[in-house]
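# Coordinate inspection notes
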Amino acid sequence: MIDLTVIWAFIIAFAIFAYVVMDGFDLGIGILFPSFAPGRERDRAMNSIAPVWDGNETWLVLGGGGLFAAFPLAYAIILPATYPLIIAMLLGLVFRGVAFEYRWRDPSHRRFWDAAFTGGSLIAAMAQGMILGALLQGIEIDGRAYAGSWWDWLTPYTLLTGLGTVAGYALLGATWLVWKLDGEGQAHARKLGKIAALATLALMAGVSLLNLFVRPEYSDRWLTAPELYWVAPIPIATLIVAGFMWHALSRDRHSKPFWLALLLFFFGTAGVGVTIWPYVAPPDLTIWEAAAPVRSQVFMLIGVAITMPLIIAYTAWAYWVFRGKVGDEGYH
Amino acid sequence: MFEGTDAILLARIQFAFTVSFHFIFPAFSIGLASYLAVLEGLWLKTGKPVYMDLFKYWLKIFAIAFAMGVVSGIVMSYQFGTNWSVFSDVAGPVIGPLMAYEVLTAFFLEAGFLGVMLFGMNRVGKKLHYVATLMVAGGTFISAFWILSVNSWMQTPVGYEIGANGQFLPGDSWMEIIFNPSFPYRLFHTVLAAYLTTAFVVGGVGAWHLLKDRTNGHARRMFSMAMWMAALVVPVQIFAGDLHGLNTLEHQPQKVMAMEGHYESHPDGAPLILFGIPDSDAREVKYAVEIPKASSLILKHDADAPLDGLDTIPLDEQPPVGIVFWSFRIMVGLGFAMLGVGLWSLIARWRGKLYDWPWLHKAALVMGPSGFVAVIAGWITTEVGRQPYVIYNLLRTADAASPLDAPAVGSSLIAFVVVYFAVFGTGTWYILKLMSQPPHAHETGVKRGDTGPIRTAGITPGPTQDPGNLSPDSLSSIEYVEPQDIEPARKEDGE
């Protein structure tokens, strides 16, 4: 018999991964924005994501809404547990979302909305990384409710996961710009990409090491046979991908660094998945305990089966429509 | 700060604040997306440039309103969990899937095609661009469909079972849950409200520019279109509202009692209280101006029919009467004022004076924002009127909240209030600034400096200007190139 709960866990994981990489490069561009010169460079960086950012952010709604629908108990426990982080993330997204429109509407305050774009992106990225950290370090549950205090999420570990996410998003943003810009902008993005890659790898390594101590069951999973043989390829593959990416960033490659950064995030997500499995909120709540009843799972699965191929198709089409270097048109 | 404050009260205020603010934008963008689809459709059909000019004029406004709707909407999708976790846990299996369908069938559709709608005219050509516009408009409607189904289920819950763990579980039929008893009425009433809200905004903007220059052909066109909506759709809306009220009487009688101010039962025909001051301590409406037996006539279609009052309902199951009584009257009053403007415009049109009567234009201008006030008042009526329940008669709002302390909720409430007023106030200001520009020929679309995929005039060399130094004037000076002019060049350009 097929386990619908497992299928749903993978669907939610896919939605979160899709969100992280797609909105990740948007937010990353926001984080890197101050390093671009006001005027044409900034306009181009912004314009490279203006047509797609809204679609990218919709994956966040699917991640949240999907968690609500498929694992309502997890949604009801994780969100109160990370309350200040969620609120900070939402307000950050408000600022950076409206900045896309506002900066063009009010040239005299463009610097302010550029700063709002950066600040909002930075706060949202940091909050998302800390939410992940808070989840991994464990959430205290009593009955069907969160039982901890409203500052439990703030620890050195979660600060590290937050910084790791910021660095990772910056890497995605930089590699996206390597792809979409040319000339000086591209050279600048290449430089930023290298810095962000180093920071990302260092922080990934740091978080991975701390994971072995943050909960004892995590070190069992990663360090004892026979699980060891199944999970060991993940960090090894991560290192190999990182090597290729560095190489691509050092050469005249355009889209390759971005795709490799994506792959890096894929292995990072897989690592998180292996660490947390089969819990949706460690240490007490498994995916089966939090799952919605079969009727809800089946009804939604039909919807996903029909709509997801269409969504992927028209999203890909929208990206295709705006393909190519930003600024090619009108200047050649 | 907030020590000793009731955390649940703060959570209620926060939800009411964020959802009210949020709904302003969809109320506008649902209607505006459809209006844009109509304008582009007319342009494709007739080839008249005035429709493309109006399309571009309103597209700039739509872009801002839509962005504000998106970011305030994301807040809503998380707030069920952050602040109403007990509700999320127990109702998740039933309403969660409906909201997931909203994301899958509506949000992705809108967001996926929005970029092409805003920036893609020169890249995909006229027909595909129109498809994108239709998808965005369709997405806004589908979104309304699902979220109103969720809201209606909470008002008139059916088709569920109660699980051993206390959760509401879906029964045999999802159709029964989706098409619950109040849903068709609420959907019809709300979508019409969104169309009318937009129509009165468009009419108000048209009127403003007619007052300044009654020969402006573009202003004339938008004013005329809006007044047709007012004349034709307001009567339908009043009829739909009446049906919705009768449905509420059947399923949520307390709400209607509060709307009517009926503290007492009336065995032989209830009066229609036009105005008065409800006093819930004295259990009476003071200084009431009433029409005898009219309420029974409206609600039961029989002047002598008995109507129960709040005296038949236990005190702890009654909604707050004052708020519901007043918000209902504001909504209905504005509805009839809209009807008045619509009829007035018909007379003016019949006399051939639609563009010549300044008092009509002034009235339309004043009524420009009336739709927003009416929809918010309507939502206050229906949401406060179902209290003290969040799932009607099954789960009390007070039992549905997250285990959060008052300082946490109080701090977030302050943050939301400050940020929303600053950010959305600014956005509204930008929209008003755009509206204050007279619509004209060769209207520019959504412009993004001199770079990128966002240029409307894509192939011809752009004007030289410092993109860091763009002013609205310099923007509107950019020459607009008709899409057909650049069609061949586009093909050459595309790989």
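Our subject is the structure listed above.
In short, a report on the structure. Note that the structure is predicted; figures quoted are calculated from it, not measured.

### Re the overall build of chain B
The number of helices and strands found in chain B is 15 helices and six strands. Here chain B holds 495 residues, and 60% of them are scored as buried. Of the roughly 19100 Å² of accessible surface on chain B, 65% is carried by carbon and sulfur atoms.

### A closer look at empty space enclosed by the protein
This structure, assessed with the given rule, holds five cavities of 30 Å³ or more. The computed volume of the largest cavity comes to approximately 130 Å³. Around the largest cavity, the lining comprises 17 residues; the ones closest to its centre are A50(A), W53(A), E101(A), L114(B) and L118(B). Breaking the lining of the largest cavity down by element, the ones donating at least two residues are α3 (53-70) and α5 (83-105) of chain A together with α2 (49-83) and α3 (85-119) of chain B. The leading source of residues in the lining of the largest cavity is α3(B), at five residues.

### Notes on the interface of chain B and chain A
Between chain B and chain A, the contact holds 98 residues from the first and 73 residues from the second. With both sides pooled, the region where chain B packs onto chain A buries about 7500 Å², and carbon together with sulfur makes up 70% of that total. On inspection of chain B and its partner chain A, the count reaches three salt bridges. Among the elements of the structure, α2, α3, α4 (121-155), β2 (168-170), α5 (174-178) and α13 (406-436) of chain B are those that each provide at least two residues to the side of chain B that touches chain A.

### Thoughts on the packing of α2(B) against α3(B)
Residue and element names in this part refer to chain B. With their axes 11 Å apart at the nearest point, α2 and α3 run at an angle of 160 degrees to one another. The angle between the axes of α2 and α3 places the two elements in the roughly antiparallel class. Here α2 runs over α3; the crossing is left-handed. Of the residues in α3, those touching α2 at L59, F62, A63, F66, F80, G81 and N83 are S85, F87, S88, M99, E110, L114, M117 and L118. Taken together, the residues of the contact of α2 with α3 break down into ten nonpolar, four polar and one charged.

### Looking at a nonpolar patch on the surface
All names here are of chain B. Taken together, the side chains of L274, F275, I277, Y287, V289, I291 and W326 make up a nonpolar region of the molecular surface, amounting to roughly 710 Å² of accessible area. For the nonpolar patch, the elements supplying multiple residues, two or more each, are β3 (272-279) and β4 (284-291). Its location among the elements puts Y287 in strand β4.

### Focus: the packing of aromatic side chains
Using the criterion set out here, one finds 55 aromatic pairs over all chains in the structure. Ring centres of Y420(B) and F424(B) lie 4.8 Å apart, and the angle between their planes is 75 degrees; this geometry places the pair in the edge-to-face category. Of this pair, Y420(B) and F424(B) both sit in helix α13, four residues apart, which is roughly one turn of that helix. Judged by its relative accessible area of 0%, Y420(B) is buried. Put simply, the rings of F299(A), Y101(B), F145(B), W146(B), W174(B), F179(B) and F183(B) touch in pairs and so form one group of aromatic residues. Between R349(B) and the ring centre of W228(B), over which it is positioned, the NZ or CZ distance is 3.9 Å.

### What to know about a negative patch on the surface
Residues and elements named next belong to chain B. On the surface, E264, E284, D308 and D311 cluster together to form a negatively charged patch. In this fold, E284 is placed in strand β4. Since its relative accessible area comes to 36%, E284 is described here as partly exposed.

What counts and how
Residue positions are given per chain, counting from 1 as you read along its sequence in written order. Numbering of ligands from 1 and lettering of chains from A proceed in the order in which they are written. Under the rules for a predicted model, residues below a pLDDT of 70 receive no local features and side-chain atom pairs below 80 are neither given nor counted, while totals for whole chains, interfaces and linings still include all residues. Side-chain calculation: all heavy atoms of the structure are included, whereas hydrogens and water are not. Helix numbering and strand numbering both begin at the N terminus, where a helix is a DSSP run of H or I of at least 4 residues and a strand a DSSP run of E of at least 2. Relative accessible area decides the class of each residue, using a 1.4 Å probe on protein chains only: under 20% of the type maximum gives buried, over 50% gives exposed, and in between gives partly exposed. Here, Shrake-Rupley sampling with a 1.4 Å probe gives the accessible areas, and only protein chains in the shown set may cover a residue. Any residue with an atom within 4 Å of a point lines the site, the site being either a cavity, points on a 1 Å grid over the protein atoms alone where a 1.4 Å probe fits but cannot get out, or a pocket, an open set with protein on both sides within 12 Å along at least 5 of 7 lines. Grid points are joined across faces, edges and corners, and a volume is the space filled by probe spheres set on the points. What makes two residues a contact is simply this: any of their non-hydrogen atoms within 4.5 Å. Summed over both partners, the accessible surface that disappears when two parts come together, traced with a 1.4 Å probe, is what is meant by buried area. Put simply, a salt bridge is a Lys or Arg side-chain nitrogen that is within 4 Å of an Asp or Glu carboxyl oxygen. Axis definition: a line fitted to C-alpha atoms, limited for helices to the stretch in contact. Angles are taken between N-to-C directions and run from 0 to 180 degrees. Reported orientations rely on four angle classes, namely roughly parallel under 35 degrees, roughly antiparallel over 145, roughly perpendicular from 65 to 115, and oblique for the rest. Crossing handedness follows the turn of the near helix against the far one: under a right angle anticlockwise gives a left-handed crossing, and clockwise gives a right-handed one. In this classification, Asp, Glu, Lys and Arg are treated as charged, Ala, Val, Leu, Ile, Met, Phe, Trp, Tyr, Cys and Pro as nonpolar, and every other residue, Gly included, as polar. Surface patches are drawn from residues lacking salt bridges whose relative accessible area is over 30%; two like charges belong together within 9 Å, two nonpolar side chains (Val, Leu, Ile, Met, Phe, Trp, Tyr) within 5 Å. Paired rings are identified among Phe, Tyr and Trp, the last through its six-membered ring, by centres lying within 6.5 Å, and are further divided according to the angle between planes into stacked (under 30 degrees), edge-to-face (over 60) and tilted (the rest). Any Lys NZ or Arg CZ that is within 6 Å of a ring centre and within 35 degrees of that ring's normal is treated as a charge sitting over the ring. Charge counting treats Lys and Arg as positive and Asp and Glu as negative, with His and both chain ends excluded. For the purpose of locating charges, the reference atoms are NZ of Lys, CZ of Arg, CG of Asp and CD of Glu.

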